[in-house]
Amino acid sequence: MRIRFTKMQGAGNDFVVLDETRAPLGLDAAQYRFLADRHFGVGADQILSVRPSPSADIDFQYVIHNADGGEVEQCGNGARCFMRFVRERQLTAKDAVRVQTLSGVIEPRMGADGRVTVDMGAPVFETARVPFDTAGLDPQPEGGWHTWHLALDTHAGSAIVAVAVLSMGNPHAVQIVADVDTAPVAVQGPLIEHHPRFPQRVNAGFMQVVDRARVRLRVFERGSGETLACGTGACAAVVAGIRLGLLDARVDVQTRGGLLTIEWAGDGSPVLMTGPAVTVFEGDIEVPDAS
Ligand SMILES: N[C@H](CCC[C@H](N)C(=O)O)C(=O)O
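Just so it is clear, the structure is predicted and the values come from calculations on it, not from any experiment.

A. Local environment of the overall build of the protein chain. Scanning the protein chain from N- to C-terminus turns up four helices and 20 strands. Scaling as 2.2 N^0.38, a compact globule of 291 residues should have a C-alpha radius of gyration of about 19 Å, and the protein chain matches this with 19 Å. Principal-axis analysis of the C-alpha atoms places the extent of the protein chain at approximately 55 × 40 × 35 Å. Within the protein chain, the fraction of its 291 residues that count as buried is 52%. Across the protein chain, the mean location of the 26 positive side-chain charges is 3 Å away from that of the 35 negative side-chain charges.

B. Quick peek at the confidence of the model for the protein chain. Considering every residue of the protein chain, the mean pLDDT works out to 92; 93% of them sit at 70 or more. Across residues 130-143, where pLDDT falls below 50, the model places 29 contacts with residues more than four positions away in sequence or in other chains. Taken over the whole predicted complex, pTM reads 0.94, whereas the ipTM for its chain interfaces reads 0.98.

C. How the structure looks around the site of the ligand. Around the ligand, the structure places 15 residues, and the nearest of them are Gly76, Glu221, Arg222, Gly231 and Thr232. Across the complex, the protein chains shield 100% of the 360 Å² of accessible surface that the ligand would expose by itself. Within the residue set of the shell around the ligand, elements represented by two or more residues are α2 (76-88) and α4 (231-243). Residue composition of the shell around the ligand, grouped by class: three nonpolar, ten polar and two charged.

D. Broad picture of the packing of aromatic side chains. Per the counting criterion, the structure on display carries four aromatic pairs. A ring pair is formed by phenylalanine 5 and phenylalanine 281, whose centres lie 5.9 Å apart and whose planes are at 85 degrees; its orientation type is edge-to-face. One end of the pair, phenylalanine 5, is in strand β1 (residues 2-10); the other, phenylalanine 281, is in strand β20 (residues 278-286), and 276 residues separate them in sequence. Among the aromatic residues, those joined into a cluster by ring pairs are Phe60, Tyr62 and Phe82. Taking NZ or CZ as reference, arginine 197 lies 4.4 Å from the ring centre of tryptophan 148, over its face.

E. Seen up close, α4. If you check α4, its first and last C-alpha atoms are 18 Å apart, about what 13 residues at 1.5 Å a residue would give, namely 18 Å. Of all 13 residues in α4, 13 are buried, a share of seventy percent or more. Among the residues trailing α4, glycine 245 stands out with phi positive, at a value near 80 degrees.

F. The arrangement of the side chain of serine 269 in detail. Tracing the chain through its elements places serine 269 in the loop between β18 (258-264) and β19 (271-275). When its relative accessible area of 16% is taken as the criterion, serine 269 is described as buried. Residues within four places of serine 269 in sequence aside, it is in contact with Gly121, Ala122, Pro123 and Trp264.

G. Up close: the environment of asparagine 77. Here asparagine 77 lies in helix α2. Classification of asparagine 77 by relative accessible area gives buried; the value is 0%. C-alpha of asparagine 77 to C-alpha of glutamate 126: the two residues are 49 residues apart in sequence and 23 Å apart in space. In contact with asparagine 77, other than residues within four places in its own chain, are Gly10, Asn13, Phe15, Ala229, Cys230, Gly231, Leu260 and Met273. Polar side-chain contacts of asparagine 77 include one of 3.0 Å to the side chain of asparagine 13.

Procedures and definitions
- Residues numbered from 1 in each chain as written.
- Predicted model: local features only at pLDDT ≥ 70, side-chain atom pairs only at ≥ 80, totals over all residues.
- Heavy atoms only, no water.
- Helix = DSSP H or I, 4+ residues; strand = E, 2+ residues; numbered from the N terminus.
- Rg over C-alpha atoms; globule rule 2.2 N^0.38 Å.
- Buried < 20%, exposed > 50% of the residue type's maximum accessible area, 1.4 Å probe, protein only.
- Lys, Arg positive; Asp, Glu negative; His and termini not counted.
- Charge placed at Lys NZ, Arg CZ, Asp CG, Glu CD.
- pLDDT = per-residue confidence, 0-100.
- Contact = heavy atoms within 4.5 Å.
- Near = heavy atom within 4 Å.
- Areas by Shrake-Rupley, 256 points an atom, 1.4 Å probe, with all protein chains shown as cover.
- Nonpolar A, V, L, I, M, F, W, Y, C, P; charged D, E, K, R; others polar.
- Phe/Tyr/Trp six-rings, centres within 6.5 Å; stacked < 30°, edge-to-face > 60°.
- Lys NZ or Arg CZ within 6 Å of the ring centre and 35° of its normal.
- Expected span 1.5 Å × (residues − 1).
- Polar contact = N/O pair within 3.5 Å; in protein donor to acceptor, adjacent residues only side chain to side chain.

Structure, rendered in structure tokens:
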């Protein structure tokens, strides 16, 4: 099957975007993996599908698949690219749209400076106690939520890392590090992603606090590995930092792929994420038939 796609990126997190507003493509996990493959396909961290609205008060449906072919609940950098895509292809004339995702409705808005701001909804904190695999390290309740201690069996021996666990629709485990450039992302990232504490797996964030309004962040993403930026990861990291009393309500997040700005006014408030969204190229590709 030959399909048309648009290659986009938001702070270096890159996407294949598919316009399914006129007809569904009906791709399966293997075909999503093919599109994401950087050698045999187009290459992307995620595949974003733009689909018709499910209801009158919603403009579009937004479906996200990781490079491993698995469907996930949310993608922040993708939401900004979604907004640029529907405007550039004249699928809407609005400056802001309401978009249905697996984890609820988000609202991307085109900014005058070409950046896009997305209301990502309110964070959800893990409060349910779960059995620990590390004897004696109970959850450390901090302000009504939990920093969890995970035992990681690295090749250099066992390490215990403290992670803040929260959801932006998709799951995140954020730890604070002294220097993101030397953080053990490649070693600890996959161990945290697949840790038994997270039956749905998890995105592993590594945050360096520069000051109360600036952090540096690397994220080893569930289903895609380390990306140059993770929008929901930036939201989760800033929310964790604010809850830990380390950050103010508006924070610049420096990622390896670019700058994101995250704002959160506290419990019950939505998280606002602002950043770039760029169309790189369009193309056609022959996708192997569904297996
Ligand atoms: N890997 C994520 C999905 C993509 C999130 C990220 N690309 C973003 O910008 O939020 C997950 O499995 O939950």
